Amino acid sequence: MHATTLTTPDGAFSILVGTVPDGASGTAAQEAVLAAGWTADVDALLALVHPTLRPATGPGQLARPSTSDGVLAEATDAVRAYYDGDHGAPGRVPVRQASGPFRTHAWDVLREVKAGERLTYTEYAARAGRPAAVRAAAGACAMNAAALFVPCHRILRTDGTLGGFRYGLPVKESLLARER
């Protein structure tokens, strides 16, 4: 697993990338973003990664390469491109999260919400195929470990207010304003 921390207009942004088995075959490995968010605390991000995707290394033992390549370089470039105005860049980087079938599907649906588009939790639940599962849809946002790459900041309360965000409402508000 590799990690890096960037400086963004919204503060420190860290990315964790790891190689995990491909869910379809269970044998092929794919490198992907496992967690990301506005924090310099990489160990806190590691705690968000599902146990089945975590490496054997413990806290403080993540590799921090001096030169990035592979998905870490792609993810780093995507974050920079996002802040330079290409708001779709993070959506082109592979991400891997693990949970139950609905939450995993709901994260895939989140990746389809385009920059500038805002959905309510009710609309998001309907897009995820379970219109009555508004709380489960909200839970998918709350448990999202790969912020920005899985854009949960684009989901709002039914009344249009911001709702919660792991990295604070000022960051969520800044992201939404940037995407207008």
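Keep in mind that this is a model prediction, so the values were computed, not measured.

## Quick notes on the overall build of the protein
In terms of helices and strands, the protein carries six helices and five strands. Ordered by position in the sequence, the α and β elements of the protein form the string β-β-β-α-α-α-β-α-α-β-α. Looking at the 180 residues of the protein, the share that counts as buried comes to 46%. Taking all contacts inside the protein whose residues are at least 6 apart in sequence as the whole, residues at least 24 apart take part in 58%. Carbon and sulfur atoms form 52% of the exposed surface of the protein, whose accessible area is close to 8500 Å².

## Some details on the state of the cysteines
Scanning all chains against the criterion turns up zero disulfides. There is no disulfide at Cys-141, and the cysteine sulfur nearest it, in Cys-152, is 5.4 Å away. On the basis of relative accessibility, which here comes to 8%, the residue Cys-141 falls in the buried class.

## Thoughts on the sheet that holds strand 3 (residues 29–37)
Overall, antiparallel pairing links the three strands, which are arranged 1-2-3 in an open sheet. Bordering the open sheet on either side are strand 1 (2–8) and strand 3, each of which pairs with just one other strand. With direction set aside, neighbouring strand axes in the sheet form an average angle of 25°. Alignment of strand 2 (residues 11–21) against strand 3, held across eight bridges, turns out to be antiparallel. Counted as the bridge partner of Ser-14 is Gly-37 from strand 3. Against the sheet, helix 2 (residues 70–83) contacts strand 1, strand 2 and strand 3, and its axis sits at roughly 15° relative to strand 1.

## Quick word on helix 3 (residues 101–110)
An α-helix turns once per 3.6 residues; consequently, residues spaced three or four apart project the same way. Of the residues making up helix 3, those classed as buried are Phe-102, Ala-106, Trp-107, Val-109 and Leu-110. Buried residues of helix 3, seen end-on, are gathered within an arc of 155° and therefore sit on one face of the element. At its buried positions, helix 3 is contacted by helix 4 (121–127), helix 5 (134–142) and strand 5 (155–156).

## Brief notes about the packing of helix 3 against helix 5
Where helix 3 meets helix 5, the closest approach of the two axes is 9 Å, and the angle between their N-to-C directions is 70°. One element, helix 3, and the other, helix 5, form an angle in the roughly perpendicular class. Listed contacts from helix 5 to Phe-102, Arg-103, Ala-106, Trp-107 and Leu-110 of helix 3 are Ala-136, Ala-137, Gly-139, Ala-140 and Cys-141. Residue classes in the contact of helix 3 with helix 5 are distributed as eight nonpolar, one polar and one charged.

Cut-offs used in this document
- Residues numbered from 1 in each chain as written.
- Predicted model: local features only at pLDDT ≥ 70, side-chain atom pairs only at ≥ 80, totals over all residues.
- Heavy atoms only, no water.
- Helix = DSSP H or I, 4+ residues; strand = E, 2+ residues; numbered from the N terminus.
- Buried < 20%, exposed > 50% of the residue type's maximum accessible area, 1.4 Å probe, protein only.
- Contact = heavy atoms within 4.5 Å.
- Areas by Shrake-Rupley, 256 points an atom, 1.4 Å probe, with all protein chains shown as cover.
- Disulfide = S-S within 2.5 Å.
- Pairing = 2+ DSSP bridges.
- Axes fitted to C-alpha atoms, helices over the stretch in contact; angles between N-to-C directions.
- Arc of directions from axis to C-beta.
- Parallel < 35°, antiparallel > 145°, perpendicular 65-115°, else oblique.
- Nonpolar A, V, L, I, M, F, W, Y, C, P; charged D, E, K, R; others polar.

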